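# An overview of the molecular structure
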Amino acid sequence: MGSTPSSLIQIHKYSRNLLKNNISNVELLEHRRQTNKKLKEAVEMASRDQLIEKSVYALENNSFVYKTRKSRIKNIVNQYTSLSANELKSTLVITDNNKDRLDLVSEIRKELKKVGKIGKHSHSATILRPKDLSEAQKKYHWSYQLGDVIVPFKDIENTALKKDYQYTVEKINKKTGQVTLRNRDFYTTISPMKVSKFSIYREDKLDISGGDILNWTKNNNGKINREQVSVKKIENNLIYLNE
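On a predicted model such as this, the values are computed, not experimentally measured, just so you know. (Residues numbered from 1 in each chain as written. Predicted model: local features only at pLDDT ≥ 70, side-chain atom pairs only at ≥ 80, totals over all residues. Heavy atoms only, no water.)

A few words now on the packing of helix α4 (residues 69-81) against helix α6 (residues 98-114). Orientation of α4 relative to α6, taken along the N-to-C sense of each, is 45 degrees, at an axis distance of 9 Å. Regarding the angle of α4 to α6, the classification is oblique. Our pair here, α4 against α6, has a crossing hand that is right-handed. The segment α4 lies against α6, with Arg69, Ile73, Ile76, Val77, Tyr80 and Thr81 engaging Lys99, Asp100, Asp103, Leu104, Glu107, Ile108, Glu111 and Leu112. Residue composition of the contact of α4 with α6, by class: seven nonpolar, one polar and six charged. (Axes fitted to C-alpha atoms, helices over the stretch in contact; angles between N-to-C directions. Helix = DSSP H or I, 4+ residues; strand = E, 2+ residues; numbered from the N terminus. Parallel < 35°, antiparallel > 145°, perpendicular 65-115°, else oblique. Left-handed = near helix turned anticlockwise from the far one by under 90°. Contact = heavy atoms within 4.5 Å. Nonpolar A, V, L, I, M, F, W, Y, C, P; charged D, E, K, R; others polar.)

In structure tokens:
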């Protein structure tokens, strides 16, 4: 309980080293990760098989378990928005599905606006959200929808598709399996079975306010993938970033 993927990797590394040195039996006597006393007690009980039920009861009785999706999201929003400005910079909210992520971002931003931690005025920007299709799924026309946006990683041989250009799906021929794409006034038709090295996105809207932290997702204009930038202000439909 309380471990992150990176911490689990480190734990596995240490365990592997112990096994390499012929240590066959290891017993965990003290839990030092949990700083909350009630949570620590529940974790210690969970580590002893005979006390699992008591551990779950302790977690529920001390408001560590939220049984409905609505209550879980509300609790995360309340905890996150109560943090100080410095704590917010070093805090990351992680969820395992896209719907929760979008709802959390929306609710967190509403609360941050209320308490004045981000600007009340927003600018609606058009962004591209990955469809997260496998390479195999990209080969079939039924994976595509009108309005999808295709962006090649590089110039694609035997086609008119160019690296980093955005092509919108205008037509899907179910009989031939071909897809017609448009870039401004330029149209071209491809057979997904014969091409690769491209990403597929859906257009979406994102509200941006002063004080927001944005995550760069692609190397572009001097910005590096995964680099974070903060929004200084929004003025005349222009977004100004802090250097």
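Once you've had a look at it, read on.
Relative to strand β8 (residues 228-235), strand β7 (residues 213-215) is paired through three bridges, and the arrangement is antiparallel. Bridging from a neighbouring strand, Asn215 pairs with Gln228 of β8. Bridge analysis of β8 against strand β9 (residues 238-241) gives four bridges, and the strand direction is antiparallel. By the bridge assignment for β9, Lys233 is matched with Tyr240. In sequence, β8 turns back onto β9 through a hairpin of two residues, with Asn236 there showing a positive phi of about 55 degrees. (Pairing = 2+ DSSP bridges.)

Taken as a whole and judged by the stated rule, the model has two aromatic pairs. Both rings, one in Tyr140 and one in Trp142, keep their centres 4.8 Å apart while their planes meet at 10 degrees; by these two values the pair is stacked. When the ring of Tyr165 is compared with that of Tyr167, the centres are 6.5 Å apart and the planes differ by 25 degrees; the resulting orientation is stacked. A cation sits over an aromatic face here: Lys138 above Phe198, 5.4 Å from the ring centre. (Phe/Tyr/Trp six-rings, centres within 6.5 Å; stacked < 30°, edge-to-face > 60°. Lys NZ or Arg CZ within 6 Å of the ring centre and 35° of its normal.)

Another point: the nonpolar core. Counting twelve residues, the largest nonpolar core consists of Tyr144, Ile150, Ile156, Leu161, Tyr167, Val169, Val179, Leu181, Ile190, Val195, Phe198 and Ile200. Those elements that place two or more of their residues in this core are β3 (167-173), β4 (178-183) and β6 (198-209). The contact partners of Leu181, leaving out residues within four places of it in the chain, are Ile150, Leu161, Tyr167, Thr168, Val169, Phe186, Tyr187, Thr188 and Ile190. (Core = buried A, V, L, I, M, F, W, Y, C linked by side-chain atoms within 4.5 Å. Buried < 20%, exposed > 50% of the residue type's maximum accessible area, 1.4 Å probe, protein only.)

A sheet is described by the order of its strands in space; here six strands give the open sequence β1-β6-β2-β3-β4-β5, paired in antiparallel fashion. On the outer flanks of this sheet lie β1 (122-130) and β5 (186-190), each paired with one strand and no other. Neighbour-to-neighbour, the strand axes of the sheet open up by a mean angle of 40 degrees, direction not taken into account. In the sheet, β3 pairs with β4 via five bridges, with the strands oriented antiparallel. Along β4, the bridge assignment pairs Thr168 with Arg182.

If charged atoms from side chains of opposite charge come close, those side chains can pair. Enumeration according to the criterion identifies twelve salt bridges in this entry. Here Lys99 makes a salt bridge to Asp103, at a shortest N to O gap of 3.6 Å. A residue pair is termed a helical-turn pair when its members lie 3 or 4 positions apart in one helix, as Lys99 and Asp103 do in helix α6 at four residues. Residue class for Lys99 comes out exposed when judged on its relative accessible area of 54%. A relative accessible area of 25% places Asp103 in the partly exposed class. (Salt bridge = Lys/Arg side-chain N within 4 Å of Asp/Glu carboxyl O.)

Remember that the coordinates give geometry; whether it matters functionally is a separate question.
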